[in-house]
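# Overview (structure and organization)
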Amino acid sequence: MAMLVNQSQPSQSREGAGGSMAPVGSVPGIAGGQQQIGLQQQQQDFDPVQRYRMLIPQLKESLQNLMKIAAQNLAQNTNIDNGQKSADGPIQRFDKSLEEFYALCDQLELCLRLAYECLSQSYDSAKHSPTLVPTATKPDAVQTESLPYTQYLSMIKSQISCAKDIHNALLECSKKITGKTPNTQGGL
């Protein structure tokens, strides 16, 4: 997941007059636009689908470069095998371009896995907690199908109780399968 985060984060501060550090958002008039652009860039960095879309053109370019280098190397090797001397000069290394291509493929795979996990969690969340809980920061944005906090707490307590019951049942089953009984005596 660390590979998904873009290393070039926008600078959070810049030098003002006299060498003091002033936050980027402190300039009136520009602050809202810069903060919005920074927020959009951070959302793109963490959104696996958006990251995937950004990596596809890079993958295409890397594949084209890989095929071009492979063709050049094949032509040079053919010339050498035929006894002709190659006058093309230095040719890029095939293994470096192949490594770059595989690195992009790995990043795409991670993006797809992360997107799948996000989707699975979203489905599970909708299944086990289909109604929203209003936040204290936005009481005016309460939706009609939202769940009061007390009901939310009782639902969570019942889910925890169910998870404990399943855990205990699995422990009992594993003890029966292995034939071990729990040792309740304190000393040996």
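Since this is a predicted model, take the numbers as computed values, not measurements.

Conventions and cut-offs
- Residues numbered from 1 in each chain as written.
- Predicted model: local features only at pLDDT ≥ 70, side-chain atom pairs only at ≥ 80, totals over all residues.
- Heavy atoms only, no water.
- Core = buried A, V, L, I, M, F, W, Y, C linked by side-chain atoms within 4.5 Å.
- Buried < 20%, exposed > 50% of the residue type's maximum accessible area, 1.4 Å probe, protein only.
- Helix = DSSP H or I, 4+ residues; strand = E, 2+ residues; numbered from the N terminus.
- Contact = heavy atoms within 4.5 Å.
- Expected span 1.5 Å × (residues − 1).
- Bend = angle between axes of the 7 residues up to and from the residue.
- Axes fitted to C-alpha atoms, helices over the stretch in contact; angles between N-to-C directions.
- Parallel < 35°, antiparallel > 145°, perpendicular 65-115°, else oblique.
- Left-handed = near helix turned anticlockwise from the far one by under 90°.
- Polar contact = N/O pair within 3.5 Å; in protein donor to acceptor, adjacent residues only side chain to side chain.

## Considering the nonpolar core
Counting residues in each nonpolar core, the largest one holds seven residues, listed as Leu55, Leu59, Leu66, Phe101, Leu104, Leu108 and Cys111. Mapped by element, the contributors of at least two residues to this core are helix H2 (48–81) and helix H3 (94–128). The element contributing the most residues to this core is H3, with four residues. Apart from residues lying up to four places away in sequence, leucine 104 is in contact with Leu55, Gln58, Leu59 and Ser62.

## Overview of H2
In this model H2 runs 47 Å from its N-terminal to its C-terminal C-alpha over 34 residues, within 8% of the 50 Å that 1.5 Å per residue would give. The largest bend in H2 comes to about 25°, at leucine 55, with the proline proline 57 one to four residues further on. Looking at H2, one finds that the buried residues are Pro48, Arg51, Leu55, Leu59, Ser62, Leu66, Ile69 and Asn73. Within two residues after H2, glycine 83 carries a phi angle of roughly 85°, on the positive side.

## Comments concerning the packing of H2 against H3
When two helices pack together, their arrangement is captured by the angle between the axes and the distance separating the axes. Running from N to C, H2 and H3 cross one another at 160°; their axes reach a closest spacing of 9 Å. Here H2 is positioned roughly antiparallel relative to H3, judged by the angle of their axes. Pair H2 / H3 crosses with left-handed handedness.

## Regarding the side chain of serine 97
Mapped onto the elements of the fold, serine 97 is located in helix H3. Here serine 97 falls in the buried class, since its relative accessible area comes to 4%. Among the polar contacts listed, one links the side chain of serine 97 to the backbone oxygen of phenylalanine 94, at a separation of 2.9 Å. Apart from the residues lying within four places of it in its own chain, the contact partners of serine 97 are Ser62, Asn65, Leu66 and Ile69.

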